[in-house]
Amino acid sequence: MDIERIREDFPILRDLIYLDSASTSLTPEPVLQAVLEYYRRYKSNVGRGVYRTAQIADQRYREAHRKAANFIGGGGGEGLTIFTRNATESINIVSRGLKWKKGDKIVTTLVEHHSNLLPWIRQREAGVEIEIIKPDREGRIDLADMERAAEKGARLVSVSHVSNALGVALPVKEIGKICREQGAAFLVDGAQSVPHMPFDVKDIDCDFLCFSGHKMLAPMGAGVLWMRSGEEIEPLLTGGGMVQDADEGSYEIKKGYEGYEAGTPDISAGIGLGSALDYLRNVGMDEVRSHEERLTNRLLEGLEGINGVHVYGPGAAGGKEERSGVVSFGVEGFLPHEVALMLDQASGICVRSGHHCCIPLMKHLGLKYGTVRASIYLYNTATEIDKLLSTLEKMARMA
Ligand SMILES: Cc1ncc(COP(=O)(O)O)c(C=O)c1O
């Protein structure tokens, strides 16, 4: 992986050290060019026009769906790949689209981002029972707890692959197996894994996969929901572009992704996502994963060597499979927001601070003010990690 070549595609990196890719990633020049090209040369709506530029837009937008499906091993007619605004919308399409009955049961965990928790909690209004499995201090869940919860007639199990707060990876393959055995549908929130490692829906054996394009080099407004064929999900929206036929009393929904994308979609975001997936495929997801692993280990070892710094989630001794490049920590004597502000002021380092949209998890861990979170992506370097560590070392000595 030619990191210097990659960094040329992100000119913003000349001015700052960006370690907040778990929130949203940067967007490289070729992706920006693809978006601009759409606006400059062939802006038109999709699924409607017969003229030349409309056909180009239609073909590129459709092609982007195919690229997204192939990227996660869900191509070749295996399932349906729908473009949404973000992972949150994808999860809500499933939670709103399944026909729930009183007494149905959903299993999830306390590790989840609010976006994979609140849509299920809301179903309590429909008489649905929610079981929320609690993790240990590192964010690991016990598979026996999952098995026990799923055994009691769960209709759906919904978990994140990688925690956006602690970086811990959940054993989704094993959870997938439990779901098959128990006849539960399985949703994986891949917002923090699909951008960072190879992912195959067949290997994990999930029924639904949700992720956000803006966390993987694409523009804002590009989210994805993949679902296995045969799942009965009512579209969230009805209206233009999604019907095959309609009369005064009824309508027939189009087959394929169009049936779930009522109204004019964000075409430029979809085309930009297609370009972002090309970019990541050219670099290679195995390469992305091992680059991030190297930097994560360097960061974890460095943090663990600083007096007064505490790492939350699996530390440097944790197994490779167990964590991603999302690293949460605290500095004694400072609030997380203070640390983040000082890192920016002292060294132009962008990190996230606070509860990371995981208030229930932070309460469970007793972290009232949350954590500081550095998150790594393919464009980060060892020099940047060292700069973060040396700035933190100075800060910890001040306390
Ligand atoms: C694990 C996880 N799930 C869901 C989301 C929601 O993503 P979005 O804000 O793009 O909808 C995030 C965002 O940080 C996340 O980290």
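Structural notes, computed from the coordinates. (Residues numbered from 1 in each chain as written. Predicted model: local features only at pLDDT ≥ 70, side-chain atom pairs only at ≥ 80, totals over all residues. Heavy atoms only, no water.)

**A closer look at the site of the ligand**
Here's step 1: Taken together, 13 residues lie near the ligand, and Thr88, Asp189, Ser212, His214 and Lys215 sit nearest.
Here's step 2: At a separation of 2.5 Å, an oxygen atom of the ligand approaches a polar side-chain atom of threonine 88.
Here's step 3: A distance of 2.7 Å is found between an oxygen atom of the ligand and a side-chain nitrogen or oxygen belonging to glutamine 192.
Here's step 4: In the shell around the ligand, the residues fall into three nonpolar, eight polar and two charged. (Near = heavy atom within 4 Å. Polar contact = N/O pair within 3.5 Å; in protein donor to acceptor, adjacent residues only side chain to side chain. Nonpolar A, V, L, I, M, F, W, Y, C, P; charged D, E, K, R; others polar.)

**Notes on empty space enclosed by the protein**
Here's step 1: Throughout the structure, instances matching the rule amount to one cavity of 30 Å³ or more.
Here's step 2: Volume-wise, the largest cavity comes out at about 120 Å³.
Here's step 3: Considering the residues around the largest cavity, the lining is formed by 13 residues, among which Val46, Gly47, Arg48, Gly241 and Glu258 are closest to the centre.
Here's step 4: Among the residues forming the lining of the largest cavity, the class breakdown is four nonpolar, three polar and six charged. (1 Å grid on protein atoms, 1.4 Å probe; cavity = no way out; pocket = protein on both sides within 12 Å on 5 of 7 lines; lining within 4 Å. Points joined across faces, edges and corners; volume = space filled by probe spheres on them.)

**Describing the pattern of salt bridges**
Here's step 1: Evaluated as defined, the whole model comprises 26 salt bridges.
Here's step 2: Note that aspartate 20 and arginine 373 form a salt bridge whose closest N and O atoms lie 3.3 Å from each other. One end of the pair, aspartate 20, is in the loop between strand E1 (17–18) and helix H2 (29–41); the other, arginine 373, is in strand E15 (residues 371–375), with 353 residues separating them in the sequence. Like arginine 373, aspartate 20 is buried.
Here's step 3: Salt bridges sharing partners connect three or more residues here, namely Asp136, Glu138, Arg140 and Glu322. (Salt bridge = Lys/Arg side-chain N within 4 Å of Asp/Glu carboxyl O. Helix = DSSP H or I, 4+ residues; strand = E, 2+ residues; numbered from the N terminus. Buried < 20%, exposed > 50% of the residue type's maximum accessible area, 1.4 Å probe, protein only.)

**A short note on the side chain of histidine 196**
Here's step 1: Looking at the secondary structure, you find histidine 196 in the loop between strand E6 (185–189) and helix H8 (201–204).
Here's step 2: Side-chain polar atoms of histidine 196 contact the side chain of glutamate 292, separated by 2.9 Å.
Here's step 3: When near neighbours in sequence (up to four residues on either side) are disregarded, histidine 196 contacts Met285, Val288, Arg289, Glu292, Ile376 and Tyr377. (Contact = heavy atoms within 4.5 Å.)

**Overview of helix H4 (residues 87–97)**
Side chains that are three or four residues apart share a direction in an α-helix, a result of its 3.6 residues per turn.
Here's step 1: Burial analysis of H4 places eight of its eleven residues in the buried class, the great majority of the element.
Here's step 2: Along H4, the residues that are buried comprise Ala87, Ser90, Ile91, Asn92, Ile93, Val94, Ser95 and Gly97.
Here's step 3: The N-cap of H4, judged by a side-chain oxygen 3.2 Å from the amide nitrogen of threonine 88 a few residues on, is asparagine 86.

**Remarks on the sheet that holds strand E12 (residues 326–331)**
Here's step 1: Read across the sheet, four strands follow the order E11-E12-E15-E14 without closing on themselves; strand pairing throughout is antiparallel. Since the sheet does not close on itself, it has two edges, and those belong to strand E11 (309–312) and strand E14 (352–354), each with one partner. Averaged over all pairs of adjacent strands, the angle between their axes in this sheet comes to 30°, without regard to strand direction. (Pairing = 2+ DSSP bridges. Axes fitted to C-alpha atoms, helices over the stretch in contact; angles between N-to-C directions.)

**Quick look at the packing of helix H3 (residues 52–71) against helix H9 (residues 267–283)**
Here's step 1: Running from N to C, H3 and H9 cross one another at 45°; their axes reach a closest spacing of 8 Å. Of the possible angle classes, the one that applies to H3 and H9 is oblique. Handedness of the crossing formed by H3 with H9: left-handed. From H3, Ala57, Arg60, Tyr61, Ala64, Lys67, Ala68 and Phe71 reach across to H9, where they touch Ile267, Gly270, Ile271, Gly274, Leu277, Asp278, Leu280 and Arg281.
Here's step 2: Taken together, the residues that form the contact of H3 with H9 break down as nine nonpolar, two polar and four charged. (Parallel < 35°, antiparallel > 145°, perpendicular 65-115°, else oblique. Left-handed = near helix turned anticlockwise from the far one by under 90°.)

**Some remarks on the packing of aromatic side chains**
The relative placement of two aromatic rings is captured by the distance of their centres and the angle of their planes.
Here's step 1: The full count for this structure, using the stated rule, is seven aromatic pairs.
Here's step 2: When the centroid spacing of 4.8 Å and the interplanar angle of 55° are considered together, the rings of phenylalanine 10 and tyrosine 379 count as tilted. Of the two residues, phenylalanine 10 sits in the loop between helix H1 (3–8) and E1 while tyrosine 379 sits in the loop between E15 and helix H13 (382–398), which places them 369 residues apart along the sequence. In this structure, phenylalanine 10 and tyrosine 379 share a single accessibility class: buried.
Here's step 3: Ring-pair connections join several aromatic residues into one group, and the members of that group are Phe10, Tyr279, Tyr377 and Tyr379.
Here's step 4: Sitting above the plane of the tyrosine 42 ring, arginine 60 keeps its charged end 5.0 Å from the centroid. (Phe/Tyr/Trp six-rings, centres within 6.5 Å; stacked < 30°, edge-to-face > 60°. Lys NZ or Arg CZ within 6 Å of the ring centre and 35° of its normal.)

**Section: the sheet that holds strand E3 (residues 105–109)**
Here's step 1: Spatially, seven strands are ordered E2-E8-E7-E6-E5-E3-E4 in an open sheet, and the strand pairing comes out mixed. Edge positions in the sheet fall to strand E2 (79–84) and strand E4 (129–133), since each has one partner strand and no second. Across the sheet, the axes of successive neighbouring strands diverge by a mean angle of 15°, strand direction being ignored.
Here's step 2: Pairing between E3 and strand E5 (residues 156–160): two bridges, direction parallel. In the sheet register, isoleucine 106 faces E5, and the bridge partner there is leucine 156.
Here's step 3: Where H4 meets the sheet, it contacts E2, E6, strand E7 (208–212) and strand E8 (223–228), and its direction lies at approximately 155° from that of E7.

**Quick word on helix H11 (residues 336–347)**
Here's step 1: Counted at 1.5 Å a residue, the expected span for H11 with its twelve residues is 16 Å, and the 16 Å between its end C-alpha atoms agrees.
Here's step 2: Residues of H11 that are buried include every one of Pro336, Val339, Ala340, Leu343 and Ser347, and no others. The buried residues of H11 occupy an angular sector of 100° when the element is viewed end-on, so they sit on one face. In this structure, H11 carries Leu341 and Gln345 as exposed residues pointing more than 90 degrees from its buried face.
Here's step 3: Buried residues along H11 sit in contact with E1, E12, strand E13 (349–350), E14, E15 and H13.
Here's step 4: A positive backbone phi angle near 65° is found at glycine 348, which sits one or two residues after H11. (Expected span 1.5 Å × (residues − 1). Arc of directions from axis to C-beta.)

**Focus on the pairing of E8**
Here's step 1: The element E8 is largely enclosed, with a buried count of five among its six residues.
Here's step 2: Across six bridges, the pairing between E2 and E8 is antiparallel. Bridge assignment links phenylalanine 83 to a residue of E8, and that residue is valine 224.
Here's step 3: In this sheet, E8 lies alongside E7 in antiparallel orientation, the contact comprising five bridges. The residue bridging cysteine 210 from the neighbouring strand is leucine 225, located in E8.

Don't take any of this as a statement about function, it's just geometry.
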